[in-house]
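Survey of secondary and tertiary structure
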Amino acid sequence: MGFRHKDIIALKDLTKEEITLLLDTADSLSEINQRDIKKVPTLRGKTVINLFYEASTRTRTSFEIAAKRLSADAVNITASTSSVVKGETLSDTANNLLAMKPDIIVMRHAVSGAHEYLAKRVSCSVINAGDGAHEHPSQGLLDMLTMRQKFGKLDGLKVAIIGDITHSRVARSDIYGLTTMGSQVFLAGPPTMMPVGIERLGNVTVCKDMREAVDKADVVMMLRIQLERQGKTLLPSMREYSRYFGLNPEVLGLAKKNAIVMHPGPINRGVELASSVADCDQSAILTQVENGVAVRMAMLYHVCGGEPVE
Ligand code: CP
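Structural notes, computed from the coordinates. (Residues numbered from 1 in each chain as written. Predicted model: local features only at pLDDT ≥ 70, side-chain atom pairs only at ≥ 80, totals over all residues. Heavy atoms only, no water.)

**So, the sheet that holds strand β9 (residues 260–262)**
Note the following rule: Two strands qualify as a pair provided that DSSP identifies no fewer than 2 bridges between them. Here a helix means four or more residues in a row that DSSP labels H or I, a strand means two or more in a row labelled E, and each is numbered from the N terminus. Note on definitions: angles span 0 to 180 degrees between N-to-C directions of axes, and those axes are lines fitted to C-alpha atoms, for helices only across the stretch in contact.
If you trace the five strands from one edge of the open sheet to the other, you get β7-β6-β5-β8-β9, paired in parallel fashion. In the strand order of this sheet, the two ends are held by β7 (204–207) and β9, each with one partner. For this sheet, the mean angle separating the axes of adjacent strands, direction not counted, is 20°. Relative to β7, strand β6 (residues 184–188) runs parallel, the two sharing four bridges. Across the sheet, residue Val185 finds its bridge partner in β7, namely Val204.

As structure tokens, then:
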């Protein structure tokens, strides 16, 4: 089966077979990242523009590395140093970039739905590197790859996702991806950060107490509070948040013995995650970052029409 999409905007749009194809390809391509010479000619002659309207360390760097490891030319544009600060609209920016004939635009934007808008207006592929509180599909894929590598499957895993669910695009992509792949998702967070009706997204259970979500979990995924996307104060204090929704060794002890701790980054140490947990043997946080390169290589490869790789 080939990948039939021009763009990758949301994991909600992908089938189980398509997600499996992307994860299988990422697994195959990850071998390139272990070589002394980390480069193959697969996307030679292709041009990837990374257009970032929001801050990023992991996503932007790994999309650039992914493009370069596949021999594509990668160009980075940060909104704060572009003509966006002079008032240029997204549509005008896109048309001007398109005039330079890129093959793929990878974009991060603060507005949910900005990628759908862009993808309908440009002939090149668009990959979503995060849009508002909507989706972050490459993060969802690298999270699933990390879980699949550890447990050999996604079907039947109990995954606890703890924190600011309302404002987290990572949570939404993880929920869509994991439930499509047959995992059971348990959510916990302050009521002010839990969207009403989130259970309707699939095999999702909302827990009042994070201990219930973490109990016998295979994976504990901790989220940062997205202060940049909250219009008003939704918490009495960070100290109280940490007490009820922070992961410490005692709460982690409720999960399965071989459970892994995950976090999309950046971490707020001492708020959602105790430093001793972030750095413990069960932490898969840096494995997630490592897998981010392979997953983004797979995404670039398949929107360019790549065939399944052995
Ligand atoms: N996980 C993630 O999106 O990190 P960055 O914001 O650093 O890209």
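**Some thoughts on the sheet that holds strand β3 (residues 104–109)**
Spatially, β2-β1-β3-β4 is the arrangement adopted by the four strands of the open sheet, whose pairing is parallel. Unpaired on one side and paired on the other, β2 (73–78) and β4 (125–131) mark the two borders of the sheet. Strand-to-strand, the axes of this sheet are offset by a mean angle of 15°, without reference to chain direction.

**Observations regarding the site of the ligand**
Keep this limit in mind: Nearness is defined per residue: one heavy atom within 4 Å of the molecule or strand is enough. Any N or O atom pair separated by 3.5 Å or less is treated as a polar contact, with the protein-specific requirement of one donor-capable and one acceptor-capable atom, and with residues adjacent in sequence counted only for side-chain atom pairs. Surface accessibility in these figures is a Shrake-Rupley result with a 1.4 Å probe; residues are shielded only by whichever protein chains are displayed. Note that Gly is not counted as nonpolar here; it falls among the polar residues with everything else outside the nonpolar set of Ala, Val, Leu, Ile, Met, Phe, Trp, Tyr, Cys and Pro and the charged set of Asp, Glu, Lys and Arg. Note that the domain bounds reflect an automated or database-derived domain assignment.
The immediate surroundings of the ligand are formed by Ser56, Thr57, Arg58, Thr59, Arg108, His136, Gln139, Pro264 and Gly265. Between the ligand and the protein, one listed contact pairs a nitrogen atom with a backbone N or O atom of Pro264 at 2.8 Å. The contact in question runs from a nitrogen atom of the ligand to an N or O atom on the backbone of Gly265, over 3.4 Å. Alone, the ligand offers 250 Å² of accessible surface; in the complex the protein occludes 91% of this. The class makeup of the residues in the shell around the ligand is one nonpolar, six polar and two charged. Mapped onto the domain boundaries, the shell around the ligand takes at least three residues apiece from domain 1 (11–134 + 291–303) and domain 2 (137–288).

**A word on the pairing of β4**
Applicable threshold: Remark: exposure states derive from per-residue accessible area (1.4 Å probe, protein chains only) relative to the maximum for the residue type, with buried under 20%, exposed over 50%, and partly exposed in between. By convention, a crossover is right-handed whenever its connection, traced from the first strand over the helix to the second and viewed with the strands pointing away, goes clockwise.
Within β4, seven of the seven residues are buried, which leaves it mostly tucked inside the rest of the structure. Where β3 meets β4, five bridges bridge the pair, whose relative direction is parallel. Looking at the pairing, Ile105 lines up with Val126 of β4. Read as a crossover between parallel neighbours, the route from β3 over helix α4 (residues 114–121) to β4 is right-handed.

**Notes on helix α1 (residues 16–29)**
So the rule is basically this: Every helix has an expected span of 1.5 Å times one less than the residues it contains. Two residues qualify as a contact provided that any one of their heavy atoms is within 4.5 Å of a heavy atom in the partner residue.
In this model, α1 (14 residues) spans 20 Å end to end at C-alpha, consistent with the 20 Å of a helix rising 1.5 Å per residue. All of the buried residues in α1 are Glu18, Ile19, Leu21, Leu22, Leu23, Thr25, Ala26 and Leu29. Packing partners of the buried residues in α1 comprise α5 (137–151), α6 (169–180) and α11 (285–303).

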